[in-house]
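What follows is the residue order along each chain.
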Amino acid sequence: MSDQVTTQAFVLPRIGAFGRRLTLNLRGLRRIWRQPGLVLSVLVLALVITAALRPAVFTSHDPIAGRARDALQAPSAAHWFGTDATGRDLFARVVHGAIHSLGGALVAVAVGLVVGTGIGLLAGSIGGLLDQALMRLVDVLLAVPGLLLALSVIILLGFGTTNAAIAVGITSVAIFARVSRSEVIRVRRSDYVEAAFGSGARFGEVLVRHILPNSLNAVVALAALQFGTAILAISTLGFLGYGAPPPTPEWGLLIAEGRTYVATAWWLTTLPGLVVMAVVLSANRLSHAISKEVGR
Amino acid sequence: MTALTQAAPDTVSDDSQPLLEVEGLTLSYDTRQGRVEVVHDVSFRVGRGEVVALVGESGSGKTSTAQAVIDLLADNGRRDSGRVVLAGSELTGLSDRAMRQVRGRRIGLVPQDPNNSLNPVKTIGDSLAEVLKIHGWGSKPAIAQRVLDLLEKVGIDRPELRVTQYPHELSGGMKQRVLIASAIALDPELIIADEPTSALDVTVQRRILDLIDALRAETGASVLLVTHDLGVAKERADRIVVMRGGQIVEQGPTAHVVEHAENPYTRTLLHEAAAVAWATPAPPPADLAERDVAIEVTDLVQDFDQGRGREPFRAVDHVSLAVAKGSTHAIVGESGSGKTSTVRAILGFQRPTSGVVRVAGHEVTSLRPRQLRDLRRSAQLVLQNPYSSLDPRQAVGDIVAEPLVNFRLGNRAERSRQVAAYLDKVALPATIAQRLPRELSGGQRQRVAIARALIIHPEVVVLDEPVSALDVTVQAQILRLLDDLQRDLGLTYLFISHDLGVVGQISDTVSVMQSGRVVEHGTTHEVFSDPQTDYTRELLAAIPGR
Amino acid sequence: MTPRALATRLGQSLLVIVLAFTGAFLMLQALPGDAVLIKFENPELGLTPAQIAEIREAYGADTPIWTSFWHTLSGFVVGDFGYSIQNGTAVRDLLAEVLPSTALLGVLGFAAAVVLACVVAFTAMGVRNPWLRNTLASLPSVLVSVPVFWLAMVLIQVFSFRLGLVRVIGGGPVESLVLPVLTLAVPISAPLAQILVRSIEDVQRQPFIAVVRAKGASRWWVLTRNIVRNALVPTLTIAGVLLGELVAGAIVTETVFGRAGLGRLTEQAVANQDVAVLQAVVVLTAVIFVVVNLAVDLVAPLVDPRLKKEVRAAA
C-alpha cells in the first residue's frame, strides 16, 4: 500500500463525509416541500427580506411624499393598501418600512445572541461560583418584564430605531443565556463527552469539538424565535413613540399613525398589522422547523 | 416448569377453540419515509390457559403485534389487513366503545418498563383502582378493599401504606407488581405481558416471571408473553412464536421448537441462549497467579455527599481487587451495587474518598489532571450505551481518530491508515468511516466505540456493560470480537455487567458486588461451580434456562 | 420543601429584588445629564442658576451615590418611593391611585386568558378530526404573533365602529372594560395555550398513558383524569412569563384605550423621563415576579409529588 493511495483514500472519505452532510441537508430541503405551512413561511420571509434590501422591486411609489388629493383612499389597484391622510401610498410605506423592522430585529437578536450566549457558555462550561453569579444576574433580568426593561434601557439611551433595537436585544439576553447554558450542561453530561475525556481530550478540545457544535442548534432555533419576538417588540416601541421618529415608515409607527382614523380608514391600521403578524408567524414557524430538524 | 405441552397448532380441534386467534395480521406505520410495513401476514393462536411466547429481537414486530391485539397501536400505526378473534368473537372492526369493554376487562396488559408506566402524580391506590372504576366495578369501599386484596395477592408488603404512596417511592420490581395487579384486577381471560422484566434487575426478573406464572395457574388466564429472550421463552412458554423482520419464521410447541428448530435464525437464537445459560467457564490460564498485575484496587471507598445534615452515601465500601495482565476480570452486580462508581474511580473520573488504585503502572488516586491524560493512553473505556457514547455530529472516521488527535499521534495520512486498520480489526468495512453514527446499527456503533478505545494501544480496557443495550445475537458477536482482540493484542479487560450469563462467557475472574461491597470473588470457574453466598446463587439462578 | 431549602429560596428571592433595585437605581442614575436638569434648565422656565442648584439639592441630585443609594433603598423598604420628577407628587400616591384600576383589568384579563387557553388546548386535544385538531393546535402560535396594540385597534374598529356593540367613549364601567380585558387576554392566553398544548402532547406520549388506555379508559377519561394534572406542572413554571405579558399588555392596552392605570403611568413616565416613577414601577414588578415564582415553587410539589424534596426510599 503506497502512501499516496492511502492519503487519497482518507481524503476521499473526508470529502465524502462533507458531501453526505450536504445530501442530508438536501433531504432536509425536500422535507420542507412536504410542509406547505413552512414553505409559505420561508416565502414570506424571503419577500420581506427582498423588500428590506430592494424596496423598488415591489413599488415605485414614494413612501415619504404624498399627494394631498389622494388622501385616505381605500385599497385599490393603484394603491394596494390604500393611502394615508397625507396621500402617501401605504403599501410603499410598508415595503420601505421593512428595513427598519428587519434591521432592528437583526440588531436585537445579535445583541441577545452575543451577550446572552456568551454568558450561558461561560456559566455552563466553567460552572461553580461564576455560574452562580451569572445566573443570579440573569434572574434579575428575567424578573423585570421585557417591555418594562426595554423602556428602562430606552430612557437611558434615548429614543430612536437603533436604541429601541438594543433595548429589545437586552431583554432577550436572559433567555439566550438560559438556553445556551442548559444546552452546554446537557451536552457536558452526555456519554460522548465523557468518552472524549476518556480518550485523552483536553477541556478546550472537548469544548470546540463536541460541546459547541452540539449545543449550537438549540441556540439557532431560539435566535429565529427571538427574531419574530423582536419584530413585535420593536413595533410596540415604535407604536408607543419611542422608536423611529416620523415620518419614518416603521411598522409600529404606521399603525400608531392610523389610530386617528380607526373609524374611517380601517386599512391604515389593519393592513400593516397583518404584515407584522405574517412576518412574526413565519419566523416562529421557521424556528419550530429548525428545532424539530435538530431533534431528529 | 409449569408448561402443559399441547398439540401442534394445526391439530387444534373445534371443541377446544383457542382463546385468541390472530390471522394474517399486517401492520404499517406512517413515517417520514412514507408508509413502512412492520408486521407482515402474522398468524398464531393462544389456547385457553396457555402461555405463548412471542420472541424476537428489536424491530421484529413483536411489540406492534401485541399492541394490535388490543387495538392500541401508536397514532401513526395502522392495521392493513388481518383479524384478531378473542374467544370466537372478532375484535377487529369493533367500535372504540366496544373495544374499551374488552381492554382491562377481558385482556390485561403488563407493560414493558414499570418505571414510567404508572401515572407519576397518582397514588398507587388510585392507579390500581382506576381499572375497577373505568369498568364500574363495585362501590367505593368495595374498590378500596379490592385494591388492598390485589396488592396482597401480588406479594406487596404493607398494602395499607402502599396505596398512599406515589410511584417514585417504590422500587421497579414493586411497580411491576402493582401493574400486574392492575392487569389481573378484573380476572381477564388473556394477559399480554410485553417484555415485563427487561427493565428490571436480574434477580427481580425471575420473581416477577414466577408471579405471572402463579397468577396464571390460579386464574386460568392465558398469557401472551412478548420477549427478546429465548431463554425466558423456553422456560416459561407452552408454545413459542419466533418473529424476525415482521414475519413469523417459526412456531410450535416449546419442546418441538427447542429440539427441532428448522429455521437457521431460530437455531442461532437457541445457540446463543444455550451459550448464556450453560456457560461452564473454563478454568483460567494456569499462569494467572504469576503474571504481572495490570489493575490493582486496594480498600477503595467512595462516599457521595447528600447535602448538609445527612450521612454521606457510601457507594463503594472497601473494595479491593486485582487483575492479571492479559486476563478478564468481571465486576457483577445489580443497579445500585456500586460497580459504576468503582469504575469511575479506577479511571480517575471521580476522586475516591479513600483507597489506592493502580492501573498499568499509574497510581490513579494521586494523579493530577495533567497526569490523568497519560493514564488515558494506557487505560481506555467503552461505555454501555453505543447510542449516546458517539457524538451524533461526527463522522465515524473522526470518532475513531479522536484519541490519536488528542495525543498528537501521526499525521493525517498516518491516522487515516490507523482508522482503516482498526475498523478492519472490529470487522467494519472501511467505507463506514464517512458515515454518521445515526446511520449505524447498535452493534456497529459499539464496534466503533471499541475501535476508538483500541486505536492508541491501551494496556487496559474497561468495558462498562458493553453489550447490555444490544440484541442477543449481536451480544454474542461483540463478545466473540472482544475475545479475539484480547488474544491478538494482549489486552487486559475489566468487564462490568449485571448479567452473570454474559460474564460466564468472557471472564477469567470475577467479583460479585452488592450494596457497595464485594461479597464474593474468585475465578469465574470457581464462582460458577461452587458459589459461596446466597446472593451469587440467586444471580446464577436468574440466568434464564439454567 | 424543607425549612432549610425554603430559607435558601427566600434568600435568593430577596437577593434578586435587591439586585433589581440596584440595577434600576444605577441605570437611572446614569442618565446623561440627569432628568432634573433637563427639565429645569429649560430657558423658557427662566430659572436662575441659583434656583436650579436649590432644586437639585432638594432632589438629592448632588449627594454622593452611596448616600443616595442608601437613602432611596431605605425609603423603598418602608414604602416611600420618592417624588415624581414630572409633577412633584409622591410616587406612592400615584401608584396607589392607579393600582386598583390595573389590578381589576389584570385579574379579569388573566381569568379570561385562562378560560381562552383551556378551551383552545382541551378542544384541540379532545377533537378527533385531524384537520380541526391541527387548526386549533396551531391557533396559539398565531395568537403569539399578534401585535397587542394592533389587536386593540382592530377590536375597536370591529366592535365599536362596525358592529356598534361596545362604546369606546362614554360607556359604563363594565362596558368600558370589555375590550381592554379581551385585548389583554390574548397575549396572556397565547403562551399559556402553547405550553398547555405542548405539555399535553408530551404527556400523551408517555408510556403510562398507553397503560391507562389498556385498562379500557376512554380518551376523555385519559385526558381529564391522567393528563391534566401532569400537564399542569410545566404550565405553572411559565407564570413569570405570563406576568411579563400582563405588564406589557397593560402598558399597551391602557395607552390605546386611554385608561388610567399603572401601564399608562409607566408610559407617561418614560415619555417625560420621570425616573422616580419608572424606578418604583420596575422594583414593584420585580417584587411581584419574585413572589409569584415563590408561590409557584411552593404549589408545584402539591401538584407533582415527585418535586417533594424528601424522597422516601422504597422499602
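Conventions used here
Residues numbered from 1 in each chain as written. Chains lettered and ligands numbered in written order. Predicted model: local features only at pLDDT ≥ 70, side-chain atom pairs only at ≥ 80, totals over all residues. Heavy atoms only, no water. Helix = DSSP H or I, 4+ residues; strand = E, 2+ residues; numbered from the N terminus. Buried < 20%, exposed > 50% of the residue type's maximum accessible area, 1.4 Å probe, protein only. Contact = heavy atoms within 4.5 Å. Domains from an automatic or database assignment. Buried area = accessible area lost by both parts, 1.4 Å probe. Salt bridge = Lys/Arg side-chain N within 4 Å of Asp/Glu carboxyl O.

## As for the overall build of chain C
- Scanning chain C from N- to C-terminus turns up 13 helices and zero strands.
- When the helices and strands of chain C are placed in sequence order, the string is α-α-α-α-α-α-α-α-α-α-α-α-α.
- Expressed as a percentage of the 315 residues in chain C, the buried residues total 47%.
- Sequence-distant contacts, at least 24 apart, represent 70% of the contacts inside chain C between residues at least 6 apart.

## What to know about the domain arrangement of chain B
Residues and elements named next belong to chain B.
- Along its sequence, chain B is organised into domain 1 (51-73 + 96-275) and domain 2 (290-541).
- The straight-line distance from the C-alpha centre of domain 1 to that of domain 2 is 34 Å.
- Between domain 1 and domain 2, the residue contacts involve 13 residues of the former and 13 residues of the latter.
- Where domain 1 abuts domain 2, roughly 1200 Å² becomes buried across the two surfaces, and 49% of that area is made up of carbon and sulfur atoms.
- For Arg 480, the salt bridge is made with Glu 272, and the minimal N-O distance between the two is 3.9 Å.
- Of all the secondary-structure elements, those providing two or more residues to the side of domain 1 that touches domain 2 are helix H7 (202-219) and helix H10 (264-277).
- The element best represented in the side of domain 1 that touches domain 2 is H7, accounting for five residues.

## A few points about the pattern of salt bridges
- Using the criterion set out here, one finds 45 salt bridges over all chains in the structure.
- For Arg 408 of chain B, the salt bridge is made with Glu 205 of chain A, and the minimal N-O distance between the two is 2.9 Å. Of this pair, Arg 408 of chain B sits in the loop between helix H13 (396-406) and helix H14 (412-425) while Glu 205 of chain A is found in helix H9 (residues 203-240), placing the two residues in two different chains.
- Given a relative accessible area of 54%, Arg 408 of chain B falls into the exposed group.

## A closer look at the interface of chain C and chain A
- Contacts between the two partners involve 43 residues from chain C, matched on the other side by 37 residues from chain A.
- Of the roughly 3600 Å² buried between chain C and chain A, counting both surfaces, carbon and sulfur atoms make up 78%.
- Contact with chain A buries surface across chain C, with Phe 149, Trp 150 and Met 153 of chain C losing the most and accounting together for 19% of the total.
- Where chain C meets chain A, there are zero salt bridges.

## Overview of unusual backbone geometry
- Put simply, Pro 246 of chain A and Pro 247 of chain A share a cis peptide bond, and its omega is 5 degrees.
- With respect to the element layout, Pro 247 of chain A can be found in the loop between H9 and helix H10 (251-258).
- The backbone of Asp 41 of chain B shows a phi angle near 50 degrees, a positive value even though the residue is not glycine.
- Tracing the backbone through its elements, the reader meets Asp 41 of chain B in strand S2 (residues 34-46).
- What makes Asp 41 of chain B partly exposed here is its relative accessible area of 48%.
- Even without glycine at this site, Arg 158 of chain B takes up a positive phi of about 45 degrees.
- Tracing the backbone through its elements, the reader meets Arg 158 of chain B in the loop between helix H4 (140-153) and helix H5 (159-162).
- Under the relative-accessibility criterion, Arg 158 of chain B is labelled partly exposed at 47%.

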